[in-house]
Structure formats: C-alpha cells, structure tokens
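A structural walkthrough
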Amino acid sequence: MSKLIIDDLDLKGKDVLMRVDFNVPVKDGVVGDDNRIVAALPSIEWVINHGGKAILLSHLGRIKSEDDKPGLSLRPVAEKLSKLIKKPVIFVPVNEGPQLEEAIDKMQDGQILLAENTRYQDVVNGENVKRESGNDPKLGEYWASLGDVFVNDAFGTAHRSHASNVGIATAMEKAGKPVAAGFLLEKEIKFLGNAVDNPKHPFVAILGGAKVSDKIGVIDHLLDKADKIIIGGGMTYTFYAAKGISIGNSLVEKDKIDVAKQILEKGGNKIVLPVDSVVADKFSNDADAKIVDGAIPDGYMALDIGPKSIKLFEGVLADAKTVVWNGPMGVFEMPKFAEGTLAIGRFLGTLKDATTIVGGGDSTAAVKELGVADKLTHISTGGGASLEYLEGKTLPGIACVSNKD
C-alpha cells in the first residue's frame, strides 16, 4: 500500500509539524556541509507556498550532559536555512513550553519556525533521561499537540524510533490527524526501495567500508537480488583471510572470517573482490606505499584498491542498469589512498542508462568532490537508515507514515 505524501494534504491555514534532518556539522557556530538542509527545502517550500505554517523539529548530535547543549544548538542551522530559503526563519531556543507555544500562535501562514534541538530532551535538569531518543510517549504527544498535520521528512533518522518521529506519528494517528511523508522521504522510499525490490538488471551493488560486520545484513539480503556484489575497503581483507590469502598487517575481523567464508560459498561468482591493492608500511598519508597483486606482504597493510581492481570493477559496472554504492574503496580521508573511491565515483558519473544510487558519508563526499553528484540518480541522505533499508528491514520512521486509503 502506498504512503500518504505531503502533496496529498490541504495545508492552507494549517500548523504543519515537520520532522527534518538538520543533523549537520557545526563548528564555531558555522554550518559546514549543508546537504541535508538543502535536501529538506522542497518540502518546506511546499508547505509555505501552499499557505501552511512550517514548524520544524530536528536533532543535532548527541546530548549526554548539560555541557553539550550550547555547542549543539540549532540556532546556526536556522540562520543557514534562512539564507538558503531566502526567507526569515523564526528560531525558538526551546522545544517545549509556553515560549514555543506562543511563538507558534503568533505565526502567519507561509512562515517558518525552527525549534531547538530535540535531543535537548535527552538531558533534563542534569539527568540523562533520553526523552527524545527513548521515544517518551508523553513528549511525542506534546509535540503532536502543536500541529494539525505531521510530515516526516527525516530519512536520516528513519531507522530510529524517537519521540520526534514515531512518537509524534503515533499520537497524531490517535488524534485522527494525518501523518505524511515529505518529498525527501518519498524519494528515498522510491529509489532505495525500487533498487532493492524491483531493480532493473543487471543490478550491481558496491559495498565498501572498514568492517564486514557493518555490511553482513546488506550482503546477505542482496545476494538473492543483485547480479554482482563488488566488495572494497577494509572489509576486503577479512574475505581475503577467508580465502586463505595473506593479508599482512591489513584490517581483519577474525571473528567474521567464518561468516565471510559462508558469504563466498553462497555468493559464488556474484562476489567480486579486488585483485590488487595499494599497500603501506603504516597508517599514514606519508607512508611508503606501493601496489601489489593478490597477497599483502608482511609488514604492509592494504589501504586502497589498486588500478587492476579499478579496471575490473569498471568492467562489471559498464553494463549495469541499477547500481547501489555504499562505502569507500580505501582510506578516503588520506589523499594517497583516495583514488579507488574517486575512480568509482568518476565512472558512475559516466553511466547514462543506469539508475545510480549513492549512500554513506565517504561515497557521497567522493561524488561531490568530483562534481558528478548531479549526474547520479539519487544521493541518499541517510547513512544507517539507507544501510538498514538495503538490508530489507522495516524502518520505524517510514512505517509510522499513514497509508493512503
């Protein structure tokens, strides 16, 4: 059954409570990467252009003590949003109580309000109570009372059951109020959902990153759906160990070697591993580095895929109609070991007839650095959420959205 979407609703004159994902880097009061704010603009603009009042809720970072709060205020985010949307944004430095209620009561149709970081509710009067991240039903009910409709547009937290998504949605439904997906959430459902459940073939998944343990569920779920699964990054060497290939000082999860063996047995020729590596004598951009085929020599660790692996992977990807990429091919933060990740991003930008979906921080950073982001079909805004979606899990933040009649 399809989900209720923001453009299914009559928003004129309505208090539209919207959960957005403004969990962005903020340093010294300045927002760094604003991708998640930009991604929320279509839904916010839809509300204010259709006569609604946009009341925004978001978390920022993790609050473990009162000392964390000043550095994790959403005030700089409100200022950045105002510049991006070219309209004033009312910032309220609390997210509960008379000050917030009065600010909402004074709003005019077409205005935007951002309340303070929802995770301020995880520490109250110095006590770690986790009202937000623990999905306190009373907090969900309170926030739900502030709006006529609820729009969830925060895919980045869709895999979490918090008061500001599931809690609000539950209370809204009890009150007979609609719960809809925003345009960003709808897009994530459409692209990631179709990629997993109804892909055009050949379907190739590229999975990188440090640990097999982070991707076991994804690999297992995609083995029955993908035509090929390309493995890169540090987790490669747990698979090497499973095949009896020497790995030198490379990263390995010894407790996952048997799991890797099972994946290789089940996957057969669907699993594509690197055939060469860029290795170094220490974990540093200044390390002595060289390219080796196959086995990693003693005293060296593999930190990126090599040129033969890049060519191999490009050959696998050349005829793909659906590609999902999550995770770097090497230690992307070090320029000496970034080429494998950049090469994959560069090649995906050349695929004209394929649906290309990228998720994960380093993969996303690579396609942006290369300037090919606009040539890809979809860049997911959710790291953990996109991984769990690729595992075939039901995400609470999506399940709580009302179904269409």
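Relevant structure appears above.
Bear in mind the structure is a predicted one, so any value in this text is a computation, not a measurement. (Residues numbered from 1 in each chain as written. Predicted model: local features only at pLDDT ≥ 70, side-chain atom pairs only at ≥ 80, totals over all residues. Heavy atoms only, no water.)

Another point: the overall build of the chain. Looking only at helices and strands, one finds 14 helices and 19 strands in the chain. The C-alpha atoms of the chain give 23 Å as radius of gyration, which agrees with the globular expectation for 405 residues (22 Å, within 12%). Here the C-alpha coordinates of the chain stretch approximately 70 × 45 × 35 Å along the principal axes. Carbon together with sulfur atoms contributes 48% to the accessible area of the chain, which is approximately 17000 Å² in total. (Helix = DSSP H or I, 4+ residues; strand = E, 2+ residues; numbered from the N terminus. Rg over C-alpha atoms; globule rule 2.2 N^0.38 Å. Areas by Shrake-Rupley, 256 points an atom, 1.4 Å probe, with all protein chains shown as cover.)

Moving on, we come to the side chain of R119. Mapped onto the secondary structure, R119 falls in the loop between strand 6 (112-115) and strand 7 (123-124). No salt bridge is formed by the buried R119. Its closest oppositely charged neighbour is D122, at 4.3 Å. In this structure R119 touches H59, G61, R62, I63, E132 and H162, once residues within four positions along its chain are discounted. (Buried < 20%, exposed > 50% of the residue type's maximum accessible area, 1.4 Å probe, protein only. Lys, Arg positive; Asp, Glu negative; His and termini not counted. Salt bridge = Lys/Arg side-chain N within 4 Å of Asp/Glu carboxyl O. Contact = heavy atoms within 4.5 Å.)

It is worth spelling out the packing of helix 4 (residues 137-144) against helix 5 (residues 163-174) at this point. With their axes 7 Å apart at the nearest point, helix 4 and helix 5 run at an angle of 70° to one another. The orientation of helix 4 with respect to helix 5, classified from their angle, is roughly perpendicular. Residue-level contacts link L139, G140, E141, W143 and A144 of helix 4 to A163, S164, G167, I168, A171 and M172 of helix 5. Counted by class, the contact of helix 4 with helix 5 contains seven nonpolar, three polar and one charged residues. (Axes fitted to C-alpha atoms, helices over the stretch in contact; angles between N-to-C directions. Parallel < 35°, antiparallel > 145°, perpendicular 65-115°, else oblique. Nonpolar A, V, L, I, M, F, W, Y, C, P; charged D, E, K, R; others polar.)

Strand order in this open sheet of three strands is 15-14-16, and the pairing throughout is antiparallel. Of all the strands in the sheet, just strand 15 (289-293) and strand 16 (301-305) have a single pairing partner and so form its edges. Taken pair by pair, the neighbouring strands of this sheet meet at an average axis angle of 40°, ignoring direction. Pairing of strand 14 (residues 276-280) with strand 16, which is carried by four bridges, proceeds in the antiparallel orientation. In the sheet register, A280 faces strand 16, and the bridge partner there is M301. Its contacts with the sheet place helix 10 (residues 307-317) against strand 14, strand 15 and strand 16, and it is angled at close to 40° to strand 16. (Pairing = 2+ DSSP bridges.)

Think of a sheet as strands paired side by side through backbone hydrogen bonds, with each pair either parallel or antiparallel. If you walk across this open sheet you meet the six strands as 13-12-11-17-18-19, and the pairing is parallel. Only two strands of the sheet have a single partner each, and these edge strands are strand 13 (271-272) and strand 19 (378-379). Set on the sheet, helix 12 (residues 361-370) makes contact with strand 17 (322-326), strand 18 (355-359) and strand 19; between it and strand 18 the angle comes to about 120°.

The next subject is the pairing of strand 1 (residues 15-19). Burial runs high along strand 1: five of the five residues are buried. Side chains D15, L17 and R19 project from strand 1 onto one buried face, and the interleaved V16 and M18 project onto a second face that is buried too. Looking at chain direction, strand 1 and strand 9 (residues 149-152) are connected through four bridges and run parallel. When the sheet's bridge partners are listed, V16 is paired in strand 9 with V149.

For the rest of this paragraph, the subject is the environment of L74. In this structure, L74 sits in the loop between strand 4 (53-57) and helix 2 (75-85). Along the primary structure L74 and G29 are separated by 45 residues, whereas in three dimensions their C-alpha atoms are 9.4 Å apart. Residue contacts for L74: discarding those within four places in its chain leaves F22, S58, L60, F91, L114, A115, E116 and N117.

Take the packing of aromatic side chains next. This model, assessed by the stated rule, comprises three aromatic pairs. For the ring pair W46 and F183, a centre distance of 5.4 Å and an interplane angle of 85° mean the geometry is edge-to-face. A residue pair is termed long-range when its members are at least 10 positions apart, and W46 in helix 1 (residues 35-49) and F183 in helix 6 (residues 183-197) qualify at 137 residues. Using a relative accessible area of 27% as the deciding quantity, one classes W46 as partly exposed. Centroid distance F155 to Y389: 6.2 Å. Interplanar angle 55°. Geometry classified as tilted. Linking F155 in the loop between strand 9 and helix 5 with Y389 in helix 13 (residues 383-390), this pair joins segments that are 234 residues apart in sequence. Residue F155 is classed as buried on the basis of its relative accessible area of 0%. The class for Y389 is buried, based on a relative accessible area of 17%. (Phe/Tyr/Trp six-rings, centres within 6.5 Å; stacked < 30°, edge-to-face > 60°.)

In the structure shown here, the tally under the stated rule is 16 salt bridges. The salt bridge partner of R131 is E96, with a shortest N-O separation of 3.2 Å. Within this pair, whereas R131 is found in the loop between strand 8 (127-128) and helix 4, its partner E96 is found in the loop between strand 5 (90-92) and helix 3 (98-105), the two being separated by 35 residues in sequence. Note on E96: relative accessible area 33%, which makes it partly exposed.

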